[in-house]
Amino acid sequence: MTLSLPRPRTLLVLCALVCCLFAGDAFAQAAQAVQAAPAAAPASPSLPAVNVGQIGNQPVSMPMQVLLLMTSITLLPALLLGVTAFTRIIIVLSLLRQALGTGQAPSNQVLLALALFLTAMVMQPVFDQSWNAGIAPYLDKQMDFRTAWEAASGPFRAFMLAQVRENDLMTFANLSNTGPYATPQDVPFGVLAASFLTSELKTAFEIAFLIYIPFVIIDLVVASVLMSMGMMMLSPMLISAPFKILLFVLVDGWVLVVGALAGSFNTI
């Protein structure tokens, strides 16, 4: 009697069935082990949840929350320019580069970095007061959003009011038909921001004028010497640029300018 061996294809099918049976048992044991295992350890503490997704008692849909969040992010540069010391600092640094006649040196990136760091240094007390007065209590759920907003914006309003000229404030108050104001808290934010920007522009150009004077004198002296020597075809800017850079370096001009900018802001 002869025995017939199964074909190779049949052997493969049988092996696959056996593997499936063992795999099913293994998965079943793993599932039982997971169910019998104790509860996982609690997750590490996270930042407090900030829930502003409602207006009054009515919840706001998620697409609307995302839209509001993206809109607020796009307004951050405008807030940086409108309520901080950045405007005055970057204008003075830009006009200083023009007075030196060095073209694009230092570059825009360097000037922006210096302006941002100097702005952070000047605004650090305002940021600390805003955090302690409104942001921290709101994150700790000790204050509602409206009250926290008013408390956090108070130091920024005080900083802007300390820099605003009365003439600029009255001009925008008349344009908006909202003046006169009994107290500084009655000034609308739009009027305050506009008057603050115009005041900062005027102050920045006044500082830049004082910076320009010694460099203009050097240009006049060099131009007069070249004309007296009959070298009228030679550009005075080409000769005066090294002398202006040498003068600026000898008097430690960057430290003087940065120190004058930081000290030009009125304290709260």
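Residues numbered from 1 in each chain as written. Predicted model: local features only at pLDDT ≥ 70, side-chain atom pairs only at ≥ 80, totals over all residues. Heavy atoms only, no water.

Trainee: Help me understand the overall build of the protein chain in this model?
Mentor: The secondary structure content of the protein chain amounts to ten helices and two strands. Traced from its N-terminal end to its C-terminal end, the protein chain shows the element sequence α-β-β-α-α-α-α-α-α-α-α-α. Each of the 268 residues in the protein chain was classed as buried or not, and the buried ones make up 26%. Contacts in the protein chain between residues far apart in sequence, at least 24 positions, make up 69% of those at least 6 positions apart. Surface summary for the protein chain: the accessible area is close to 18,400 Å², and the carbon and sulfur share equals 71%. (Helix = DSSP H or I, 4+ residues; strand = E, 2+ residues; numbered from the N terminus. Buried < 20%, exposed > 50% of the residue type's maximum accessible area, 1.4 Å probe, protein only. Contact = heavy atoms within 4.5 Å. Areas by Shrake-Rupley, 256 points an atom, 1.4 Å probe, with all protein chains shown as cover.)

Trainee: How do you make sense of helix H5 (residues 108–139) when you look at a structure like this?
Mentor: A turn of α-helix holds 3.6 residues, and therefore any two residues three or four places apart point the same way. Its 32 residues give H5 an end-to-end C-alpha distance of only 37 Å, which falls more than 12% under 46 Å, the value for a rise of 1.5 Å per residue. In the structure, H5 departs most strongly from a straight axis at Met123, where the bend amounts to approximately 55° and where the proline Pro125 lies between one and four residues downstream. Along H5, the residues classified as buried are Leu111, Ala115, Leu118, Thr119, Val122, Met123, Val126, Ser130, Gly134, Ala136, Pro137 and Tyr138. Tucked inside the fold, the buried residues of H5 contact helix H3 (76–83), helix H4 (86–100), helix H6 (145–163) and helix H10 (253–263). Following H5 by one or two positions, Lys141 has its phi on the positive side, about 60°. (Expected span 1.5 Å × (residues − 1). Bend = angle between axes of the 7 residues up to and from the residue.)

Trainee: It is not clear to me how the packing of aromatic side chains should be interpreted in this structure. Could you clarify?
Mentor: Between two aromatic rings, the relevant description is the distance of the centres plus the angle of the planes. Inspection of the entire model under this criterion finds five aromatic pairs. Aromatic pair Phe127 and Phe156: ring centres 5.7 Å apart, planes at 50°, arrangement tilted. Here Phe127 is found in helix H5, whereas its partner Phe156 is found in helix H6, with 29 residues between them in sequence. Phe127 gets classed as partly exposed once you look at its relative accessible area, which sits at 35%. (Phe/Tyr/Trp six-rings, centres within 6.5 Å; stacked < 30°, edge-to-face > 60°.)

Trainee: Is there a simple way to explain helix H9 (residues 236–250) in this structure?
Mentor: Given a rise of 1.5 Å per residue, 15 residues ought to cover 21 Å, and the 21 Å separating the end C-alpha atoms of H9 matches this to within 8%. Taken residue by residue, H9 has Ser240, Ala241, Lys244 and Phe248 as its buried positions. Of the surrounding secondary structure, the elements contacted by the buried residues of H9 are H4, helix H8 (189–228) and H10. Downstream of H9 by one or two residues, Asp252 has phi in the positive range, about 55°.

Trainee: In this structure, what is going on with the layout of surface pockets? I would like to understand it.
Mentor: Empty space among the atoms becomes visible once a probe the size of a water molecule is rolled across them. Empty space within the second largest pocket amounts to approximately 250 Å³. Mapped by element, the contributors of at least two residues to the lining of the second largest pocket are H8, H9 and H10. Across the lining of the second largest pocket, the residue classes tally to 13 nonpolar, one polar and no charged. (1 Å grid on protein atoms, 1.4 Å probe; cavity = no way out; pocket = protein on both sides within 12 Å on 5 of 7 lines; lining within 4 Å. Points joined across faces, edges and corners; volume = space filled by probe spheres on them. Nonpolar A, V, L, I, M, F, W, Y, C, P; charged D, E, K, R; others polar.)

Trainee: Would you mind going over the nonpolar core with me for this structure?
Mentor: Side chains of nonpolar character tend, in soluble globular proteins, to be buried together. Counting 38 residues, the largest nonpolar core has Ile89, Phe159, Val257 and Leu261 as its most contacted members. Every element with two or more residues in this core is listed here: H4, H5, H6, helix H7 (166–176), H8 and H10. Looking at this core, the element that brings in the most residues is H4, giving ten residues. With sequence-adjacent residues up to four places away left out, Leu261 is seen in contact with Arg88, Ile89, Val92, Leu93, Leu118 and Ile207. (Core = buried A, V, L, I, M, F, W, Y, C linked by side-chain atoms within 4.5 Å.)

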